Amino acid sequence: MPTSNTTKPKAPNLNALVGSRICHDLINPLGAIGNGIELLELTGSSTGPEMDLVVDSVAGATARLKFLRLAFGEASADQVCGRAEVVSTLDNVAVGGRLNYSWMVFEDVRRLDVRVAFLAAMCVETALPLGGDIKIEKDGSTWTVYSQHERLNLDPALWVPLSKNAVPDTLSGAQVHFGLLPDMTTEAGHELKLSHGADWVKIAF
């Protein structure tokens, strides 16, 4: 019997596609609300602290959705993220919050790498209950996501498995990034490395 040399196509990442779909479906109505608010402001028909609260809430939700789309959404090897888009997303997410992000990457990069960097940043966020600064750097082909804080909180149930490139046994919805990071790092062609001290943590890939 003749044998076929064709290879089975790679199965789609359904979890990432679900993330992309949710973000896509939510960001469109948020954009429409934002446009409506701009029109109200132009006509002067609605002003005051109440409107300011609505404006800030819509801007914050839109920024967070863009962040989550990059962290959880589908990414292919040929997709590229522009630096301006990433910096704008991180800056907008940080507005009014306790976390600040420094994107120390000065060129456009693969979306696969941005996804890993954002998931790693979310892991570091979990260790900063009081907020703090998160630095994301790229030296050659090596990425690092780093933070230092005197009140760093590294939950062993989450960080010990991550140090072994493994998924924790139990995860809540708020901790799902710890479950995704190992596989997404491998998919991007990197090796995950974790190091930390009493007041600092670094995820490299």
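Everything discussed here concerns the structure shown above.
Residues numbered from 1 in each chain as written. Predicted model: local features only at pLDDT ≥ 70, side-chain atom pairs only at ≥ 80, totals over all residues. Heavy atoms only, no water.

Asker: Which residues make up the environment of Asp-199, and what values go with them?
Answerer: Of note, Asp-199 is situated in the loop between β6 (193–196) and β7 (200–204). Note on Asp-199: relative accessible area 30%, which makes it partly exposed. Sequence separation between Asp-199 and Leu-152 is 47 residues; the distance between their C-alpha atoms is 5.7 Å. With residues up to four places along the chain from it excluded, the contact list for Asp-199 reads Ser-147, Gln-148, His-149, Glu-150 and Leu-152. Separated by 3.3 Å, the side chains of Asp-199 and Gln-148 make a polar contact. (Helix = DSSP H or I, 4+ residues; strand = E, 2+ residues; numbered from the N terminus. Buried < 20%, exposed > 50% of the residue type's maximum accessible area, 1.4 Å probe, protein only. Contact = heavy atoms within 4.5 Å. Polar contact = N/O pair within 3.5 Å; in protein donor to acceptor, adjacent residues only side chain to side chain.)

Asker: Provide a residue-level description of the packing of aromatic side chains, including the pertinent values.
Answerer: Summed over the entire model, instances satisfying the criterion amount to seven aromatic pairs. Plain terms: the ring middles of Trp-103 and Trp-143 are 5.7 Å apart, the flat faces sit at 55° to each other, and that makes the pair tilted. Placement of Trp-103 in strand β2 (residues 99–104) and of Trp-143 in strand β5 (residues 142–148) is noted, with a sequence separation of 40 residues between them. Geometry around Phe-67 places Arg-64 over its ring, the cationic atom sitting 4.7 Å from the centre. (Phe/Tyr/Trp six-rings, centres within 6.5 Å; stacked < 30°, edge-to-face > 60°. Lys NZ or Arg CZ within 6 Å of the ring centre and 35° of its normal.)

Asker: Tell me about the environment of Ala-204, residues and numbers included.
Answerer: Positionally, Ala-204 belongs in strand β7. For the pair formed by Ala-204 and Val-145, sequence separation is 59 residues and the distance between their alpha carbons is 6.3 Å. For Ala-204, the contacting residues outside a window of four places in its chain are Trp-143, Thr-144, Glu-191, Leu-192 and Lys-193.

Asker: Lay out helix α6 (residues 176–187) with the relevant residues and their values.
Answerer: Counted at 1.5 Å a residue, the expected span for α6 with its 12 residues is 16 Å, and the 17 Å between its end C-alpha atoms agrees. Looking at the buried side of α6, the elements it contacts are α4 (111–126), α5 (156–163) and β7. Looking one or two places after α6, you find Gly-189, whose phi comes out positive at around 85°. (Expected span 1.5 Å × (residues − 1).)

Asker: Describe the side chain of Thr-144, naming the residues involved and giving the relevant values.
Answerer: Looking at the element boundaries, Thr-144 is found in strand β5. Aside from chain neighbours lying at most four places away, what touches Thr-144 is Lys-135, Ile-136, Glu-137, Lys-202, Ile-203 and Ala-204.

Asker: Explain the packing of α5 against α6 residue by residue, including any values.
Answerer: Taken N-terminus to C-terminus, the directions of α5 and α6 make an angle of 5°; their axes are 10 Å apart at the nearest point. Between α5 and α6, the interaxial angle falls into the category roughly parallel. Residues Leu-158, Trp-159 and Leu-162 of α5 form the contact with α6, whose participating residues are Phe-178, Leu-181 and Pro-182. In terms of residue class, the contact of α5 with α6 is built from six nonpolar, no polar and no charged. (Axes fitted to C-alpha atoms, helices over the stretch in contact; angles between N-to-C directions. Parallel < 35°, antiparallel > 145°, perpendicular 65-115°, else oblique. Nonpolar A, V, L, I, M, F, W, Y, C, P; charged D, E, K, R; others polar.)

Asker: Give me the lowdown on the sheet that holds β5, citing residues and values where you can.
Answerer: An order of β2-β4-β5-β7-β6 is seen for the five strands of this open sheet, with the pairing classed as mixed. Sheet topology places β2 and β6 at the edges, where each strand pairs with a single neighbour. Averaged over neighbouring strand pairs, the angle between their axes works out to 15° when direction is ignored. Across five bridges, strand β4 (residues 132–139) lies against β5 in antiparallel orientation. Bridge pairing links Ile-136 to Val-145 in β5. Sheet strands in contact with helix α3 (residues 83–94) are β2 and β4, and its direction is about 165° off that of β2. (Pairing = 2+ DSSP bridges.)

Asker: Could you give me a rundown of the nonpolar core, with the residues and numbers involved?
Answerer: In this structure, Trp-103, Phe-118, Ile-134, Ile-136, Trp-159, Leu-181 and Ile-203 are the most contacted members of the largest nonpolar core, which totals 44 residues. The dominant element in this core, judged by the number of residues it contributes, is α4, at 11 residues. Once residues lying within four places of it in the same chain are set aside, the contact partners of Ile-203 are Ala-120, Cys-123, Val-124, Trp-143, Thr-144, Val-145, Trp-159, Leu-162, Leu-181, Leu-192, Lys-193 and Leu-194. (Core = buried A, V, L, I, M, F, W, Y, C linked by side-chain atoms within 4.5 Å.)

Asker: Describe the pairing of β2, naming the residues involved and giving the relevant values.
Answerer: Side-chain alternation along β2 places Leu-99, Tyr-101 and Trp-103 on a buried face and Asn-100, Ser-102 and Met-104 on a face that remains uncovered. As defined by bridge partners, β2 adjoins β4 across six bridges and the pair is classed as parallel. Each residue of the ladder has a partner; that of Tyr-101, found in β4, is Ile-134.

Asker: Got a sec to walk through the pairing of β6? Specific residues and values, please.
Answerer: Across four bridges, the pairing between β6 and β7 is antiparallel. Bridging from a neighbouring strand, Ser-195 pairs with Lys-202 of β7.

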